[in-house]
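# Observations on the three-dimensional arrangement
Here is how the chains run, residue by residue.
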Amino acid sequence: MIYSHVIKLAVQPAARCNAIISQTRPEGGNTTLMTQWAETLPSRRESSSSNDYFTHVWGPSGALLVGQNKSDSSTSSTSSSEKLLGKHMVLREDGSIFADRAIPQDSLRTLVGSKRKGAIVKEAFQFRTWMEALSRSVPLTNEQQHHKISGKYEFYFRDYWNFEEAFSLEVMRGSIQALKLRGQRKRPTELIIDEKTGNCTMTDYYVFNGVIPMYIRWKGSLERDTITWTHTMLHKGWKRWWGTTVDRPPMAEKFRQQPWIVRLPADDDSSGDLIVLERTGSGRLVFARDTVLP
């Protein structure tokens, strides 16, 4: 128990940094939450880093700082009100975020190809790089593209952060407490879209109390550019000799009612083997076929 608590404290800075960065998506923007989460993070003055944080990433200061260079005193301040977000970014008191370098404009395909299956994006700057690529995705528009969106996909990234990602970080460090509920690293969320009917099945795989398999299954259909989920169920245990099933579990029903918009990477060949699902009001998720996964 004590060891698990120590691990939780150890991963908390990385978890809080990514939670703050996730608020920079269009559905986020809660600067009050961002500054609250940043209270326990080290300030820039306490760091030995001498880099100038001059590249505006997000927030209200952007309009004032466009065009200023890194030698400007307002952008290279070492004020203790600037909280470090990982290795390359700071959060300022007004809620704006600056980096000591430009955010890479990598394509979503490049990022997926460089990420190990089941791995968590731990570093805040890298997390923001994924978000930049997601922001360039475009809605699924014509019928030709629609027919390409079919087959089996696996989850790879999402631009929001909650207890699942935090627990994964703790489990990677050997925490027993976080084993109460965690995702299966070797079996990520699976999405299957039927080419002829457009029927969709999505399954989230978990492990309960370290050993008991559990999954949540979503049923719905793809029409034009939107997946509408109509039913959810939770199963805990082993099918052959023990298990319990819950119809329409509250944790899934809360999100089932939101439209899920299908998007495609703007800088891709639109082959359909890489898609983005925009969960209205929550964020975006990246799914890829096996042909893309490293």
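Residues numbered from 1 in each chain as written. Predicted model: local features only at pLDDT ≥ 70, side-chain atom pairs only at ≥ 80, totals over all residues. Heavy atoms only, no water.

## Considerations on the sheet that holds strand S3 (residues 89-91)
One open sheet accounts for four strands, arranged S1-S4-S3-S2; its pairing is antiparallel. Taken across any chain shown, the strands that pair with only one partner, and hence form the sheet edges, are strand S1 (55-58) and strand S2 (83-85). Across the sheet, the mean angle from the axis of one strand to that of its neighbour is 35 degrees, orientation sign disregarded. Where S3 meets strand S4 (residues 97-99), three bridges bridge the pair, whose relative direction is antiparallel. (Pairing = 2+ DSSP bridges. Helix = DSSP H or I, 4+ residues; strand = E, 2+ residues; numbered from the N terminus. Axes fitted to C-alpha atoms, helices over the stretch in contact; angles between N-to-C directions.)

## Some remarks on the nonpolar core
Grouped burial of nonpolar side chains is what soluble globular proteins tend to show. By size, the foremost hydrophobic cluster in this structure holds 35 residues, and its most contacted members are Leu85, Met89, Ile97, Trp130 and Val286. Among the elements that make up this core, the one with the highest residue count is helix H5 (residues 124-135) (seven residues). Setting aside residues up to four positions removed in sequence, Val286 forms contacts with Leu108, Val112, Trp130, Leu134, Glu154, Phe155, Tyr156, Phe157, Leu274 and Ile275. Ranked by size, the runner-up nonpolar core spans 24 residues in total, among them Met202, Met214, Trp229 and Val262. (Core = buried A, V, L, I, M, F, W, Y, C linked by side-chain atoms within 4.5 Å. Buried < 20%, exposed > 50% of the residue type's maximum accessible area, 1.4 Å probe, protein only. Contact = heavy atoms within 4.5 Å.)

## Description of the pattern of salt bridges
Overall, the coordinates contain ten salt bridges when judged by the stated rule. Linking Asp273 and Arg109 is a salt bridge whose minimum nitrogen-to-oxygen distance equals 2.8 Å. Here Asp273 is found in the loop between strand S13 (260-265) and strand S14 (274-279), whereas its partner Arg109 is found in helix H4 (residues 108-114), with 164 residues between them in sequence. Here Glu253 makes a salt bridge to Arg248, at a shortest N to O gap of 3.7 Å. Through salt bridges with shared partners, one network takes in Arg44, Glu82 and Arg92. (Salt bridge = Lys/Arg side-chain N within 4 Å of Asp/Glu carboxyl O.)

## Concerning unusual backbone geometry
Excluding glycine, most residues fall at negative phi; most peptide bonds, likewise, are trans. The phi dihedral of Arg224 is positive, around 60 degrees, even though this residue is not glycine. Along the chain, the position of Arg224 falls in the loop between strand S10 (212-223) and strand S11 (226-238). One non-glycine residue, Arg248, lies in the positive phi region at around 55 degrees. When you line up the elements, Arg248 lands in the loop between strand S12 (242-247) and helix H8 (250-256). For Arg248, a relative accessible area of 36% gives the class partly exposed.

## Overview of the packing of aromatic side chains
Throughout the structure, instances matching the rule amount to nine aromatic pairs. Ring geometry for Phe155 and Phe287: centres 5.9 Å apart, planes at 65 degrees, overall edge-to-face. Of this pair, Phe155 sits in strand S6 (residues 151-158) while Phe287 sits in strand S15 (residues 283-288), and the two are 132 residues apart along the sequence. Residue Phe287 is classed as buried on the basis of its relative accessible area of 0%. (Phe/Tyr/Trp six-rings, centres within 6.5 Å; stacked < 30°, edge-to-face > 60°.)

## Remarks on H5
With twelve residues, H5 ought to run about 16 Å at 1.5 Å a step, and its terminal C-alpha atoms sit 16 Å apart, in line with that. For H5, a buried count of ten out of twelve residues is recorded, marking the element as mostly surrounded by other parts of the structure. Every buried residue of H5 is listed here: Ala124, Phe125, Phe127, Arg128, Thr129, Trp130, Met131, Glu132, Ala133 and Leu134. Its side-chain oxygen 2.8 Å from the backbone nitrogen of Phe125, Glu123 forms the N-cap of H5. (Expected span 1.5 Å × (residues − 1). Polar contact = N/O pair within 3.5 Å; in protein donor to acceptor, adjacent residues only side chain to side chain.)

## A look at the side chain of Glu190
Locating Glu190 in the fold gives a position in strand S8 (residues 190-193). Look at Glu190 and you get buried, because its relative accessible area is 16%. For Glu190, the side chain forms a polar contact with the side chain of Lys152, separated by 3.3 Å. Excluding anything up to four places from it in sequence, Glu190 contacts Lys152, Tyr153, Thr201, Met202, Thr203 and Tyr205.

## Focus on a nonpolar patch on the surface
Taken together, the side chains of Trp238, Trp241 and Trp242 present a nonpolar region at the surface, about 380 Å² in accessible area. With respect to the helices and strands, Trp238 occurs in strand S11. Trp238 sits in the partly exposed class, given a relative accessible area of 30%. (Patch = residues over 30% accessible without salt bridge, like charges linked within 9 Å, V, L, I, M, F, W, Y side chains within 5 Å. Areas by Shrake-Rupley, 256 points an atom, 1.4 Å probe, with all protein chains shown as cover.)

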